[in-house]
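Report on the structure
So you can see what is in the structure, the chains are spelled out below.
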Amino acid sequence: MHRLSADRRHRVRFTLNGKPVEADAEPRMLLTDFLRHELGQTGTHVGCEHGVCGACTIEIDGVPARACLTLAVQADGATIRTVEGLAPEPGRLSVLQDAFRRHHALQCGFCTAGILMSLDGYLRRHSAPTEAELREFLGGHLCRCTGYTPILAAALDAAKTLREVPAHA
Amino acid sequence: MKPARFDYQRADTLAEVHAALAEYGNDARVMAGGQTLMPMLSMRLARPKLLVDIMHLPELARIEADAKVIRIGAGVRQAELLAWPELAQRQPLLASALPWVGHAQTRSRGTVCGSVAHADPSAELPLAMLALDGSIELSAGRKRRSVTAQDFFTGMMSTARGHDELIEAVSIPTRRAGTGTAFAEFGRRHGDFAIVACAAVVAADRVTLAVGGVGDKPERRDFPALDGGALDDALNAFAWDLDARDDLHATAAYRRELVRRMGRDTIEEARRCIA
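Parameters and conventions
Residues numbered from 1 in each chain as written. Chains lettered and ligands numbered in written order. Predicted model: local features only at pLDDT ≥ 70, side-chain atom pairs only at ≥ 80, totals over all residues. Heavy atoms only, no water. Domains from an automatic or database assignment. Contact = heavy atoms within 4.5 Å. Buried area = accessible area lost by both parts, 1.4 Å probe. Salt bridge = Lys/Arg side-chain N within 4 Å of Asp/Glu carboxyl O. 1 Å grid on protein atoms, 1.4 Å probe; cavity = no way out; pocket = protein on both sides within 12 Å on 5 of 7 lines; lining within 4 Å. Points joined across faces, edges and corners; volume = space filled by probe spheres on them. Helix = DSSP H or I, 4+ residues; strand = E, 2+ residues; numbered from the N terminus. Nonpolar A, V, L, I, M, F, W, Y, C, P; charged D, E, K, R; others polar. Polar contact = N/O pair within 3.5 Å; in protein donor to acceptor, adjacent residues only side chain to side chain. Buried < 20%, exposed > 50% of the residue type's maximum accessible area, 1.4 Å probe, protein only. Pairing = 2+ DSSP bridges. Axes fitted to C-alpha atoms, helices over the stretch in contact; angles between N-to-C directions.

Turning next to the domain arrangement of chain B. All names here are of chain B. Here chain B is partitioned into domain 1 (7-53), domain 2 (62-173) and domain 3 (179-272). Once you take the C-alpha centre of each, domain 2 and domain 3 turn out to be 20 Å apart. On the domain 3 side, the residues contacting the 23 residues of domain 2 number 24 residues. For the pair domain 2 and domain 3, the summed buried surface comes to about 2,000 Å²; carbon and sulfur atoms form 66% of the total. The interface formed by domain 2 and domain 3 contains one salt bridge.

If you add up the space inside the second largest pocket, you get close to 650 Å³. Together, 31 residues line the second largest pocket, and A:Val63, A:Pro64, B:Ala79, B:Arg107 and B:Ser108 are the ones closest to its centre. For the lining of the second largest pocket, the secondary-structure elements that each account for two or more residues are strand E5 (63-66), helix H3 (112-125) and helix H4 (131-138) of chain A together with helix H3 (78-83) and helix H6 (104-107) of chain B. The element contributing the most residues to the lining of the second largest pocket is H3(B), with four residues. Per-class residue counts for the lining of the second largest pocket are 13 nonpolar, nine polar and nine charged.

The next point concerns the domain arrangement of chain A. Residue and element names in this part refer to chain A. Split into domains, chain A comes out as domain 1 (10-85) and domain 2 (95-164). Counting from both sides, the interface comprises 17 residues of domain 1 and, opposite them, 15 residues of domain 2. For the pair domain 1 and domain 2, the summed buried area comes to about 1,200 Å², and 54% of that belongs to carbon and sulfur atoms. Summed over the three residues of domain 1 that lose the most area to domain 2, namely His 45, Thr 57 and Val 83, the buried surface amounts to 33% of that side. At the boundary of domain 1 and domain 2, one finds two salt bridges. One salt bridge connects Arg 81 with Asp 120, and the closest N-O pair in it is separated by 2.9 Å. Between domain 1 and domain 2 we count six residue pairs in polar contact (both at pLDDT 80 or more) in total. Elements with a contribution of two residues or more to the side of domain 1 that touches domain 2: strand E4 (57-60) and E5. Examining the composition of the side of domain 1 that touches domain 2, we find that three residues originate from one element, E4, more than from any other. For the side of domain 1 that touches domain 2, the class distribution of residues is seven nonpolar, seven polar and three charged.

A complete count under the given rule lists 39 salt bridges over all chains for this structure. In this structure, the salt-bridge partner of A:Asp24 is A:Arg11, at a minimum N-O distance of 2.8 Å. Separated by 13 residues along the polypeptide, A:Asp24 in strand E3 (residues 19-25) and A:Arg11 in strand E2 (residues 10-16) bring together distant segments of the chain. Here A:Asp24 falls in the partly exposed class, since its relative accessible area comes to 25%. For B:Lys2, the salt bridge is made with A:Asp33, and the minimal N-O distance between the two is 2.7 Å.

Attention now goes to the sheet that holds E4(A). All names here are of chain A. With mixed pairing, the five strands of this open sheet are ordered in space as E3-E2-E6-E4-E5. Of all strands in the sheet, those bounded by a partner on one side alone are E3 and E5. Sheet twist, expressed as the mean angle between neighbouring strand axes with direction ignored, is 40 degrees. Pairing of E2 with E3 involves seven bridges; the strand directions are antiparallel. Its bridge partner being in E3, Arg 13 is matched across the sheet by Glu 22. Strand contacts of H3: E4, E5 and strand E6 (79-81), with the helix running at about 40 degrees to E4, the strand carrying the most contacts.

Here it is in structure tokens:
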């Protein structure tokens, strides 16, 4: 039995973008705050804090997840990917990120990290998505700038590039 | 929005879950996928003293099926059930209702039993459970009982679960030969809570229609096989018998009209699916 007491901070360890990380958290600390405040990884954005807007979407153990609907202590032992892990090397964008840049799929950029993390996993699992499938999937995110059309275009373009040169992922 | 303080326990055994629930009662909350509990904690609508995480118990993470029922354990995520290759053939109503639950990004974490436990009046899974004569398996230590969906949902986010009981699984009957099912939902935006949702199960000689989003819990009505004006009259009587509410999304009258129209469409679609 591991009961973590409310009024103490507890060690939380997980794999973040391929590297082991650790820091302390109270049981009530949200994973968003743990990533941003304890680990200094501010790429994950905090929007509504109740799971509606999608800005904080990350990947936990291979599936998309709202970091604001996850406790840091729940993530102990997990494998986590965030937007900081997308670029293959400093100064080079991933295929998906580059498609977002070319299609102007962001303006203020607040929702972008979450949408990129959702789509990155989706395109790995679905190599030839239809526009309708992508629309359905993007329904889990709010963007108030773009009207979604350039996001769809970028996702379709990235899917095509990944089919042609999968090694560039 | 940050949750109030609570202790957190990652359970390694079922006995540990039962002991924690017996000790804390209503001050403990079981945490599965957390997709409805976490917002409630962050908004401080729930302030438990202890959270018991049940997602590390392999015995709860199973989907089991025999000729008669599908048993879905408390750790099974909605996306896992939706991806189960046998789902559409064994119970097509569940396969049609699940894509309406939240978004892909929340179904990946949220559990089937968690949605049943939360008992939101417009939620799809409690509605499907009611339409399909599903049942809920509860356990407290060695005591076990099974409660039908009809008896389990008692009101707005309230259920027949005792404070010391864990929902271990839900059981849903497999589709019977000669029956057809259909699901429909109306909301303003994709992923919103339903203004009205309908689930129909039909056979040659009978019709079951369950509706969600209208009153403070899902409701169902069983009719003989009616057609034309007789079916319209029966749906109208059902709509008026529901305790429909006005809120900022829709008036009670609008909800009743949706029950009449969508109810009929759903029943007709289910009849086309009889196999």
